[in-house]
Amino acid sequence: MDLSSFPFLTPSPTEKLLDFSAGSLWMKRDDLIHPDVSGNKWRKLKGFFREVDPSRPVLTFGGAHSNHLRAAAFAFAHASIKGIAVVRGEELSPQHSPTLKYCEKMGMTLHFIPRSEYKVLREKDWLPTARQLQEWDGESAQVLPEGGAGKHAFEGCGEIWTELDHKPDHLLIASGTATTVLGILSAMPEGSATKVHVISAVKGAIKEQASVTECAHQKSIDLHWEDEVYFGGFGKLSEQLIVQKAAFESKHGFAIDAVYNAKVWAYIQRTTFEGSVLWINTGGVFTP
Ligand SMILES: Cc1ncc(COP(=O)(O)O)c(C=O)c1O
């Protein structure tokens with residue numbers, strides 16, 4: 001479908017945050033792309049929406065606080081596509097989180113399923129059985145995997161790189177499933193002089209680390225993978241992290257999310273760089 005009517009701020013702006021003794025820190029403000037489709041979310045969805053058949057429903061998946069579900073709900077409503085979300089946790093309801101309330105308000109149909117059933121769907125690459133499709137009124141549905149992941153996501157995530165007028169010496173990016181960084185790497189030229197620093201929000205993401213390392217190696221790109229061994233793992237925040245996040249926000253005048261980008265900021269605080277450093281802000285801050 002034609003994507004020009006989507007109200008997204010792309011290319012996103014790049015701002016200088018500060019100078020330090022041996023260089024400067026910049027931020028690509030993907031968090032400004034849209035209040036509800038913030039950061040890497042439209043990057044991941046763009047390729048899917050280009051190919052989608054708007055006359056058929058789309059089935060997608062997530063947890064009660066999924067940034068992906070919020071973004072997808074907005075995009076489906078904007079494109080007048082029937083969106084169906086399969087949500088992890090049969091005990092939940094739309095009242096459970098601001099995200100689910102928002103999805104319902106945007107016209108998304110929500111189905112709550114047991115975590116064990118959700119796990120099976122994940123193992124089967126999000127391909128529901130005929131019975132499930134019937135139950136969810138999604139018989140002719142197209143499938144958009146959890147988190148907006150899939151080959152289609154590389155197109156949009158690659159644009160994070162191609163939008164850059166000046167290629168930095170160091171590029172810093174938060175990671176969960178590693179879809180975003182793989183998209184960026186796919187757009188980078190072989191032997192690029194930019195070193196990529198991946199700050200994982202997940203402790204011991206071995207599979208993701210292996211595929212990113214392999215991709216960087218094949219393209220002769222220098223890579224550093226930072227495991228989440230500092231704060232206790234995914235979604236965990238320490239007192240020190242909260243203090244660092246608050247200090248950033250009061251100095252720079254805007255919020256960063258605690259789960260992903262605050263950990264990039266903490267990485268910057270404990271690392272010595274030389275040259276230009278570009279932090280890709282992957283968004284994740286919402287007003288309920
Ligand atoms: C705000 C935010 N930043 C970073 C990420 C990590 O992106 P990825 O899963 O593509 O590595 C996510 C998850 O999608 C996210 O919601």
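Whatever comes next refers back to the structure up there.
Residues numbered from 1 in each chain as written. Predicted model: local features only at pLDDT ≥ 70, side-chain atom pairs only at ≥ 80, totals over all residues. Heavy atoms only, no water.

### Let's talk about the overall build of the protein chain
Reasoning step 1: Secondary structure assignment for the protein chain yields 10 helices and 10 strands.
Reasoning step 2: Here the C-alpha atoms of the protein chain give a radius of gyration of 19 Å, agreeing with the 19 Å that 2.2 N^0.38 yields for 288 residues.
Reasoning step 3: Principal-axis analysis of the C-alpha atoms places the extent of the protein chain at approximately 60 × 40 × 35 Å.
Reasoning step 4: For the protein chain, buried positions account for 53% of its 288 residues.
Reasoning step 5: Contacts in the protein chain between residues at least 24 apart in sequence constitute 72% of all its contacts with a sequence separation of at least 6. (Helix = DSSP H or I, 4+ residues; strand = E, 2+ residues; numbered from the N terminus. Rg over C-alpha atoms; globule rule 2.2 N^0.38 Å. Buried < 20%, exposed > 50% of the residue type's maximum accessible area, 1.4 Å probe, protein only. Contact = heavy atoms within 4.5 Å.)

### Notes on the site of the ligand
Reasoning step 1: Every one of the 14 residues lining the ligand counts as a neighbour, but Gly176, Thr177, Ala178, Thr180 and Thr282 are closest to it.
Reasoning step 2: At 2.8 Å from an oxygen atom of the ligand is found a main-chain nitrogen or oxygen belonging to Gly176.
Reasoning step 3: Residue Thr177 places a side-chain N or O atom 2.6 Å away from an oxygen atom belonging to the ligand.
Reasoning step 4: Taken by itself the ligand offers 390 Å² of open surface, and the protein chains cover 95% of this.
Reasoning step 5: Ranked by residue count, the leading element in the shell around the ligand is helix α1 (residues 40-51), at three residues. (Near = heavy atom within 4 Å. Polar contact = N/O pair within 3.5 Å; in protein donor to acceptor, adjacent residues only side chain to side chain. Areas by Shrake-Rupley, 256 points an atom, 1.4 Å probe, with all protein chains shown as cover.)

### A short note on the packing of aromatic side chains
Reasoning step 1: Counting across every chain of the model gives 17 aromatic pairs.
Reasoning step 2: Relative to Trp42, the ring of Phe8 has its centre 4.6 Å away and its plane inclined at 45°; by these criteria the two rings are tilted. In this pair, Phe8 is assigned in the segment before β1 (14-20) and Trp42 in helix α1, connecting sequence segments 34 residues apart. Neither Phe8 nor Trp42 differs from the other in exposure class; each is buried.
Reasoning step 3: Summarising the aromatic geometry, the rings of Phe248 and Trp265 are spaced 5.0 Å apart at their centres and angled 65° between planes, so their arrangement reads as edge-to-face. Placement of the pair is Phe248 in helix α9 (residues 239-252) and Trp265 in helix α10 (residues 261-269), with a sequence separation of 17 residues. Just as Phe248 is buried, Trp265 falls in that class too.
Reasoning step 4: Every member of this aromatic cluster is reached through a ring pair, and the members are Phe6, Phe8, Trp42, Phe48, Phe49, Phe74 and Phe76.
Reasoning step 5: The aromatic ring of Phe254 is capped on one face by Arg29, whose charged end is 3.7 Å from the ring centroid.
Reasoning step 6: Residue placement shows Arg70 over the ring face of Phe286; its charged tip is 4.5 Å from the ring centre. (Phe/Tyr/Trp six-rings, centres within 6.5 Å; stacked < 30°, edge-to-face > 60°. Lys NZ or Arg CZ within 6 Å of the ring centre and 35° of its normal.)

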